[in-house]
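Coordinate analysis (summary)
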Amino acid sequence: GCPGKLMAMAGQPSDGALWSCVRGISGGQPLACLCSVCLCFGRYSDARSWRAYMGMRVMNSVSNAAATRQIRRIVLHSQYDQFTSDYDIALLELSAPVFFNELVQPVCVPASSHAFTSGTSCFVTGWGIYDTNFIGELATLLQEATVNIISHNTCNKMYDDAVTPRMLCAGNIQGGVDACQGDSGGPLVCLERGRRWFLAGIVSWGEGCARQNRPGVYTRVIKFTDWIHQQTKGQV
Ligand code: 4AZ
């Protein structure tokens with residue numbers, strides 16, 4: 001699981017994830033604060049009905065969360081398309097800063113010029129369906145899977161050109177490893193230069209789960225770097 005791998009960085013305030021990245025804090029696998037619009041915030045867009053629970057490993061064990069915050073603001077991407085899943089991203093602004101510790105860590109937002117190389121092994125985490133033989137069965141403990149970045153061209157061939165420039169594919173061409181239903185909105189993170197964790201993608205869609213030639217499709221975060229900075233106006 002992800003939290004157990006995190007390195008301790010006690011007491012650093014989160015007044016800027018980029019600040020933290022610059023300082024090289026991201027030593028472990030973090031939880032992402034970006035979310036996909038899919039199923040989530042379009043239908044339930046009232047910020048008052050949401051909470052952010054951080055540093056959790058057991059699903060829904062909210063009383064064990066390392067930190068809890070109310071949500072001040074939800075920013076949906078205005079170009080989100082529910083039919084194609086294009087622009088599948090939303091931002092949640094926390095009501096108050098959080099202090100980083102061994103369970104709560106920031107993740108770097110990649111520069112828009114950042115290239116996540118095809119073939120690189122990255123990690124996706126979530127409490128979604130973990131066995132396609134038990135459809136509907138969610139995980140109790142946070143799960144982590146290793147998935148490889150797949151080139152845009154290769155992926156578009158497998159998906160009949162449904163993969164837009166705002167999407168990034170990762171998985172295992174042979175099948176067997178993937179994100180699945182319930183993982184949506186979760187982070188696809190890559191350790192770059194053995195040093196810092198970057199948010200390469202956000203779980204978005206795929207044809208089934210873990211099928212051969214049907215890799216997971218993620219929101220391509222580098223396409224939203226400028227949008228993220230605009231929406232957060234230097235707060236991040
Ligand atoms: C979903 O429905 C979903 N195999 C998420 C990820 C994938 C497929 C479906 C990728 O939330």
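Residues numbered from 1 in each chain as written. Predicted model: local features only at pLDDT ≥ 70, side-chain atom pairs only at ≥ 80, totals over all residues. Heavy atoms only, no water.

1. Looking at the packing of aromatic side chains
Any pair of aromatic rings gets described here by the distance separating the centres and the angle formed by the planes. To keep things clear, this is the line we draw: For Phe, Tyr and Trp, rings pair up if their centres lie within 6.5 Å, where Trp contributes its six-membered ring, and each pair is then called stacked (planes under 30 degrees apart), edge-to-face (over 60) or tilted (otherwise). Going along the chain from the N terminus, every DSSP run of H or I of four or more residues is numbered as a helix, and every run of E of two or more is numbered as a strand. Here the term buried applies to any residue with accessible area under 20% of the maximum for its type, exposed to any over 50%, and partly exposed to those in between, with areas from a 1.4 Å probe on protein chains only. Look at NZ for Lys and CZ for Arg. If either is within 6 Å of the ring centre and within 35 degrees of the ring normal, a charge sits over the ring.
All chains considered together, the criterion is met by four aromatic pairs. Ring geometry for tyrosine 87 versus phenylalanine 224: centroids 6.0 Å apart, planes at 80 degrees, classification edge-to-face. Of this pair, tyrosine 87 sits in the loop between strand E4 (67-76) and strand E5 (90-94) while phenylalanine 224 sits in the loop between strand E12 (216-220) and helix H3 (225-232), and the two are 137 residues apart along the sequence. For the pair tyrosine 87 and phenylalanine 224, a shared accessibility class is recorded, and that class is buried. With 6.3 Å between their ring centres and 80 degrees between their planes, phenylalanine 224 and tryptophan 227 make a pair best called edge-to-face. Look at phenylalanine 224 and you get buried, because its relative accessible area is 1%. On the accessibility criterion, tryptophan 227 (12% relative accessible area) is buried. One aromatic cluster in this structure is built from Tyr87, Phe224 and Trp227. The positively charged end of arginine 214 is found above the aromatic ring belonging to tyrosine 159, 6.0 Å away from the centroid.

2. Notes on the environment of arginine 48
Assignment of secondary structure puts arginine 48 in the loop between strand E2 (34-35) and strand E3 (51-54). Given a relative accessible area of 70%, arginine 48 falls into the exposed group. When the C-alpha atoms of arginine 48 and isoleucine 74 are compared, they prove to be 9.9 Å apart, with 26 residues separating the residues in sequence.

3. Let's talk about the pattern of salt bridges
Our working rule: A carboxyl oxygen of Asp or Glu within 4 Å of a side-chain nitrogen of Lys or Arg is what we treat as a salt bridge.
For the structure shown, the criterion picks out six salt bridges. The residue arginine 73 makes a salt bridge to glutamate 93 at a minimum N-O spacing of 2.7 Å. Of the two residues, arginine 73 sits in strand E4 while glutamate 93 sits in strand E5, which places them 20 residues apart along the sequence. Glutamate 93 gets classed as buried once you look at its relative accessible area, which sits at 17%. As a salt-bridge pair, aspartate 86 and arginine 166 come within 2.7 Å of each other at their nearest N and O atoms.

4. Observations regarding the site of the ligand
Short version of the rule: It suffices for a single heavy atom of a residue to lie within 4 Å of a molecule or strand for the residue to be listed as near it. Pairs of N or O atoms within 3.5 Å make up the polar contacts considered here, provided that, within protein, one atom can donate a hydrogen while the other can accept it, and that residues adjacent in sequence are counted only when both atoms are side-chain atoms. Using a 1.4 Å probe, accessible areas were evaluated by the Shrake-Rupley method; residue-level cover was limited to the displayed protein chains. Three classes are used, and their members are as follows: Ala, Val, Leu, Ile, Met, Phe, Trp, Tyr, Cys and Pro are nonpolar, Asp, Glu, Lys and Arg are charged, and the others, Gly among them, are polar.
In the vicinity of the ligand, the residues found are Asp178, Ala179, Cys180, Gln181, Gly182, Ser184, Val203, Trp205, Gly206, Gly208 and Cys209. One of the side-chain N or O atoms of serine 184 is found 2.5 Å from an oxygen atom in the ligand. Summarising the interface, the protein chains cover 87% of the accessible area of the ligand, which totals 300 Å² for the free molecule. For the shell around the ligand, the per-class residue count stands at five nonpolar, five polar and one charged.

5. Here's the deal with the pairing of strand E8 (residues 143-150)
The condition that has to hold: By the convention used here, strands pair only if DSSP detects at least 2 bridges between them.
By the bridge criterion, six bridges tie strand E7 (residues 121-126) to E8 in an arrangement that is antiparallel. Directly across from serine 121, in E8, lies its bridge partner asparagine 148. In terms of strand pairing, E8 meets strand E9 (residues 167-171) through three bridges, oriented antiparallel. The partner of isoleucine 150 across the bridge, within E9, is cysteine 169.

6. Details of the confidence of the model for the protein
Condition: The predictor reports its confidence for every residue as pLDDT, a score running from 0 up to 100.
Of all residues in the protein, 81% have pLDDT values of 70 or greater, and the mean over the chain is 82. Per the prediction output, this complex has pTM 0.85; the corresponding ipTM is 0.98.

7. Re the state of the cysteines
This is how it is decided: Pairs of cysteine sulfur atoms within 2.5 Å are what we label disulfides.
All told, the structure shown has three disulfides when counted by the stated rule. The disulfide partner of cysteine 155 is cysteine 169, and the S-S distance across this bridge is 1.9 Å. One disulfide, between cysteine 155 and cysteine 169, carries an S-S torsion of -80 degrees and so falls in the left-handed class. In this pair, cysteine 155 is assigned in helix H2 (residues 152-158) and cysteine 169 in strand E9, connecting sequence segments 14 residues apart. On the basis of relative accessibility, which here comes to 0%, the residue cysteine 155 falls in the buried class. A residue is classified by how much of its surface remains accessible, and cysteine 169, at 2% relative accessible area, is buried.

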